Amino acid sequence: MMVFVIVDSLHTNAALSTAGLEGSGMGSTQNSILSMQQVAYKNVEGRMELQMQRYLDTFPFNYYVVLRDVEALPEVLSGTVKQFFERISDV
């Protein structure tokens, strides 16, 4: 089993924090992989239509962990290994 570890950003965009958007919550999620969107053109009834969807909805790995605090890495990895062994014992 392979687990893809994504180290996500905790920092806010400097331009957003100086614009006063930091308190609104937009600054903290602006640079996050959880808020990234993917754009695709789909053929709908003979015409091209622009569709947006979350990037992680089409992420190519089945098992991944989004890690925002690097200091929590040992706890996250131990929890992931524990879940792996729980799944194997259920089969």
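Residues numbered from 1 in each chain as written. Predicted model: local features only at pLDDT ≥ 70, side-chain atom pairs only at ≥ 80, totals over all residues. Heavy atoms only, no water.

1. Structural notes on the side chain of Thr-80
Here is step 1: When you line up the elements, Thr-80 lands in helix α3 (residues 73–90).
Here is step 2: The class for Thr-80 is buried, based on a relative accessible area of 15%.
Here is step 3: Engagement of the side chain of Thr-80 in a polar contact is seen with the backbone oxygen of Val-76, the distance being 2.8 Å. (Helix = DSSP H or I, 4+ residues; strand = E, 2+ residues; numbered from the N terminus. Buried < 20%, exposed > 50% of the residue type's maximum accessible area, 1.4 Å probe, protein only. Polar contact = N/O pair within 3.5 Å; in protein donor to acceptor, adjacent residues only side chain to side chain.)

2. Notes on the pattern of salt bridges
Here is step 1: The full count for this structure, using the stated rule, is three salt bridges.
Here is step 2: We note a salt bridge from Arg-68 to Asp-8, for which the minimum N-O separation is 3.7 Å. Note that Arg-68 is positioned in the loop between β4 (64–67) and α3 and Asp-8 in the loop between β1 (4–7) and α1 (14–18), a separation of 60 residues in sequence.
Here is step 3: Arg-47 is the partner of Glu-49 in a salt bridge, and the nearest nitrogen-oxygen pair spans 3.9 Å. (Salt bridge = Lys/Arg side-chain N within 4 Å of Asp/Glu carboxyl O.)

3. Some details on unusual backbone geometry
Here is step 1: Despite not being glycine, Glu-45 shows a phi value in the positive range, around 50°.
Here is step 2: In this structure, Glu-45 sits in the loop between β2 (37–44) and β3 (47–54).

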